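Letter by letter, the chains look like this.
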Amino acid sequence: MRAVTTLRVFILLVLAGVTLALALTYGRKGKPQTEITMAPASATPPGQGPVVDQSDEFTINGTREGRPSFTLRARTVTGFAGERKLLQGVHLTIHQDDGGAIRIAGSTGHFDAASRRAQIAGDVVIEGGDGVSLRTGTLYYDSDRDMIFTADEVAFSAARMEGTGRGLNYLVGERRIKIPDEVQLRLRSEPAGEVTTISAGDLVATLPENRIILTDDVRLSRGRESLRSNYLSLQFEGERHDLVGVKAFGEVGATLPPGDTATSADLRADGLTARFDPAGGTVEEVEASGACRVASGPYTSRSRSARFLRRDDRIELRGDPVVLTERDRIAAQEIDVHPRQRVLEARGDVRTVSLPGEDGRSTPASPGFSGRSAISFQAAELRVDDAARRAVYQGAARAWQEGNSIQAEEIAIDQEAKTLRAGGHVVARFTQTPPASAAPGARPVVTSIVSDTLLYDDARGLGAYRGDVRLTRDDAMLTSDAMDAYLKEADGRRDLDRIEASGSVAVKRAGSFGTARQATYRNAEDLLILRDEEGLAEVVDAATGRTMRGRTLTFDLAGDRILTESERGGRTWITLTPDSKDVPPVEPQTRR
């Protein structure tokens, strides 16, 4: 339920986006509008043909559509047959439409006016007007394809960012940059801060769309934090200073060290998208899709999709979502997690299972049940407040363990108070396994209690049933205004020990009926004791019309007999007559 800690992954993506934005601003500042072609030159002078001229301080200017495009200068130039020229001390300035310029310098160069191709080599440096710099061994320009390219290693830096890669393709007209191999980026958020690194197989930056795409085993890390995927797209706002969107696809994974929850987190998904607030850089919305899995400390969630909405403090798990711990499983049609509130909400065919601890003596998942065997719940809705240690099941709620169960419109569990509350058509069932001395084939005895409400106090082992209470078995029924059911631990579950009934007590057993103000049912002995201080406890044998009264009447349900006690202390067992169809039923008035 603490999957929320994985959202810190996207804060890392913010840093990653800033890194890439800084690294690639040279592409925008260096918008070449030149007809120079940078391409591999021929061999040195022996293969160039005869030298036809030599001069110092060579300069050539280029234009495009009547506007200055470039200025190429060299300290010396050697011309060969044809129009090829060998340059020394080369400086190339590319003029931009907005008045800015990018300056490229190198030790040597080749220029061929006929083929409109040029090369700059030897510690090539590119400087942008905003402090961005790039270094490489050799740089080429092909005017026909309007592309700058190199196969050499490229190093670049800007502010507190630096990076390297192998190869560069820059489509000048489209303003698209590609570094095709061994991309490495490094960023420090502060001068002495922790370093964020990004590695990828290649990088493509589409400058007009303010989008950067990294592919082929993309990995982002800072300290013990990491993100990995096969594809990562970073979208920036107009000035490319702020990250506003992220998309990652292909085996997306993220790992975070302990944070506010003191637990690490791990995320897996097929794809991930995120939307950021441009003003503050905070995550506004994140959506993961395809085989989503989040693990944080003891918690793991699985779903087909997951969406985080920061404004609502909500993570939405959809598509057969499941939340797991070592002992618990929650499944529903929809599950929402509120990280800051530490609240989980589940809707639609909610099913939960809590397993016992390995020692079988752990605290039960719910009061009223044993901690030695599994407990299952089912409801239309569930709300779990982790901070308050409270869970509420609503809508045809049901809980069961072995042969015992509770169902009601609402079941509320309070682990702090160790209580279980149920309300609305409460039905509790207890199944008593036949004793070893029972006859072969004997069936278990099922006892049901129906009431308006139930409050179970785990510390006292007491379940208080109130409001039109009715206890039924196959052979008997007991009704009263209130019943207190005492449970005991037995064979890995909670079984009935005894029941105290009060207020308008009435009992029916085959053809016999009884009333009293109070009654006690002892489950182990199968005895029902009727009590009335005024001596008005009464049992009527309907088959014979015989009536028995007294302060205490003990009803042996198994033996179908009544123990009466006289005022002088005499005790007599009276066996009841089996019910006869020829005798009209007689039911006594209940005693309040």
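Calculation rules
- Numbering of residues starts from 1 in every chain and runs along the sequence as written.
- Note on the predicted model: pLDDT of at least 70 is required for a residue's local features to be given, and 80 or more for side-chain atom pairs to be given and counted; whole-chain, interface and lining totals, by contrast, use all residues.
- Where side-chain values are given, they derive from all heavy atoms of the structure, hydrogens and water being excluded.
- A run of H or I in DSSP becomes a helix once it reaches four residues, and a run of E becomes a strand once it reaches two; helices and strands are each numbered from the N terminus.
- Relative accessibility thresholds used throughout: buried, under 20% of the residue-type maximum; exposed, over 50%; partly exposed, between the two (1.4 Å probe, protein chains only).
- Only heavy atoms enter the contact rule, under which two residues are in contact if any of them lie within 4.5 Å.
- Working definition of accessibility: Shrake-Rupley area with a 1.4 Å probe, residue cover restricted to the visible protein chains.
- Between any two strands, pairing holds if DSSP finds at least two bridges.
- Here a cavity is any set of points on a 1 Å grid over the protein atoms alone where a 1.4 Å probe fits but cannot get out, and a pocket is any open set with protein on both sides within 12 Å along at least 5 of 7 lines; a residue lines the site when it has an atom within 4 Å of a point.
- Grid points are joined across faces, edges and corners, and a volume is the space filled by probe spheres set on the points.
- Under the scheme applied, nonpolar residues are Ala, Val, Leu, Ile, Met, Phe, Trp, Tyr, Cys and Pro; charged residues are Asp, Glu, Lys and Arg; polar residues are all the others, including Gly.
- Confidence of the predictor at the level of single residues is captured by pLDDT, which takes values from 0 to 100.
- For Phe, Tyr and Trp, rings pair up if their centres lie within 6.5 Å, where Trp contributes its six-membered ring, and each pair is then called stacked (planes under 30 degrees apart), edge-to-face (over 60) or tilted (otherwise).
- For this analysis, a salt bridge means a side-chain nitrogen from Lys or Arg found within 4 Å of a carboxyl oxygen belonging to Asp or Glu.
- Whenever two N or O atoms come within 3.5 Å, that pair is a polar contact, provided that in protein one can donate a hydrogen and the other can accept it, and provided that, for residues adjacent in sequence, both atoms are side-chain atoms.

### Details of the overall build of the protein
Within the protein, the secondary structure is distributed over two helices and 38 strands. When the 592 residues of the protein are sorted by exposure, 51% land in the buried category. Considering only intrachain contacts with a sequence separation of at least 6, the fraction spanning at least 24 residues in the protein is 44%. Entry remark: accessible area of the protein is about 27,600 Å², with carbon and sulfur atoms responsible for 46%.

### Observations concerning the pairing of strand 12 (residues 202-206)
Taking burial as the measure, the five residues of strand 12 include four buried ones, the bulk of the element. By the bridge criterion, five bridges tie strand 12 to strand 13 (residues 211-222) in an arrangement that is antiparallel. Pairing of aspartate 202 across the sheet is with threonine 215, part of strand 13. Where strand 12 folds back on strand 13, the antiparallel hairpin that results is connected by four residues, among which asparagine 210 adopts a positive phi of roughly 55°.

### Some points on the layout of surface pockets
Leftover empty space is mapped by rolling, across the atoms, a probe with the size of a water molecule. Here the largest pocket is characterised by a volume of approximately 670 Å³. Surrounding the largest pocket, 26 residues form its lining, Asp328, Ser354, Ala365, Val384 and Gln415 being those nearest its centre. Of all the elements in the fold, those that place two or more residues in the lining of the largest pocket are strand 20 (322-324), strand 21 (328-331), strand 23 (343-354), strand 24 (375-385) and strand 25 (390-401). A per-element tally of the lining of the largest pocket places strand 24 first, with four residues. When its residues are assigned to classes, the lining of the largest pocket shows 14 nonpolar, five polar and seven charged.

### Considering the pairing of strand 5 (residues 117-127)
Two elements, strand 4 (residues 101-112) and strand 5, share eight bridges in a ladder whose sense is antiparallel. Within strand 5, the position partnered with aspartate 112 by the bridge is arginine 117. In sequence, strand 4 turns back onto strand 5 through a hairpin of four residues, with arginine 116 there showing a positive phi of about 55°. The pairing of strand 5 with strand 6 (residues 133-142) spans nine bridges and is classified as antiparallel. By the bridge assignment, glutamine 119 is partnered in strand 6 with tyrosine 140.

### Here we look at the environment of valine 77
Mapped onto the elements, valine 77 comes out in strand 2 (residues 67-80). In this structure the C-alpha to C-alpha distance between valine 77 and aspartate 53, which are 24 residues apart in sequence, comes to 8.3 Å. Among all residues touching valine 77, those that are not within four sequence positions of it are Asp53, Gln54, Ser55, Phe58, Lys85, Leu86 and Leu87.

### Overview of empty space enclosed by the protein
One pass over the structure, following the stated rule, counts nine cavities of 30 Å³ or more. The computed volume of the second largest cavity comes to approximately 110 Å³. Around the second largest cavity, the lining comprises 14 residues; the ones closest to its centre are Gly368, Ile406, Phe430, Tyr465 and Leu487. For the lining of the second largest cavity, the elements supplying multiple residues, two or more each, are strand 26 (404-414), strand 28 (445-457), strand 29 (462-472) and strand 30 (476-490). Sort the elements by how many residues they give to the lining of the second largest cavity and strand 26 lands first, with three residues. Among the residues making up the lining of the second largest cavity, the classes are represented as eight nonpolar, five polar and one charged.

### A short note on the confidence of the model for the protein
Looking at the protein, pLDDT values average 79 and 78% of them are 70 or higher. Below pLDDT 50 for its whole length, residues 1-47 participates in 189 contacts with residues either more than four positions away or in separate chains. Here residues 580-591 is a poorly scored stretch, pLDDT under 50, and it has 28 contacts once near neighbours within four places are set aside; other chains count.

### Comments concerning the packing of aromatic side chains
Evaluated as defined, the whole model comprises three aromatic pairs. Considering the side-chain rings of tyrosine 140 and phenylalanine 149, the 5.5 Å spacing of their centres and the 25° angle between planes classify their relative orientation as stacked. Its relative accessible area of 14% is what places tyrosine 140 among the buried residues. Owing to a relative accessible area of 15%, phenylalanine 149 belongs among the buried residues under this scheme. Their ring planes at 45° and their centres at 5.7 Å tell us that tyrosine 231 and phenylalanine 249 sit as a pair that is tilted. One end of the pair, tyrosine 231, is in strand 14 (residues 225-236); the other, phenylalanine 249, is in strand 15 (residues 243-256), with 18 residues separating them in the sequence.

### Comments concerning the environment of leucine 86
For leucine 86, the position within the fold is in strand 3 (residues 84-95). With relative accessibility at 17%, the residue leucine 86 sits in the buried group. It is 9.4 Å that separates the C-alpha atoms of leucine 86 and glutamine 54, two residues lying 32 residues apart in sequence.

### Comments concerning the pattern of salt bridges
Throughout the structure, instances matching the rule amount to 39 salt bridges. Glutamate 284 is the salt-bridge partner of arginine 310, the closest N and O atoms lying 2.6 Å from each other. Of this pair, arginine 310 sits in the loop between strand 18 (299-309) and strand 19 (314-318) while glutamate 284 sits in strand 17 (residues 283-296), and the two are 26 residues apart along the sequence. With a relative accessible area of 33%, arginine 310 lands in the partly exposed category.

### Digging into unusual backbone geometry
Positive phi outside glycine occurs at aspartate 123, with the angle close to 50°. You can see aspartate 123 is positioned in strand 5. Judged by its relative accessible area of 53%, aspartate 123 is exposed. Even without glycine at this site, aspartate 320 takes up a positive phi of about 50°. Within the secondary structure, aspartate 320 sits in the loop between strand 19 and strand 20. Note on aspartate 320: relative accessible area 57%, which makes it exposed.

### Examining the environment of arginine 494
Residue placement: arginine 494 occurs in strand 31 (residues 493-509). The exposure class of arginine 494 is buried, given its relative accessible area of 14%. Sequence-wise, arginine 494 and glycine 368 are 126 residues apart; in three dimensions their C-alpha atoms are separated by 7.0 Å. When residues no more than four places from it in sequence are discounted, the contact partners of arginine 494 are Gly368, Phe369, Ser370, Gln401, Asn404, Phe430, Tyr456, Asp458, Leu487, Lys488 and Glu489. Among the polar contacts listed, one links the side chain of arginine 494 to the side chain of tyrosine 456, at a separation of 3.1 Å.

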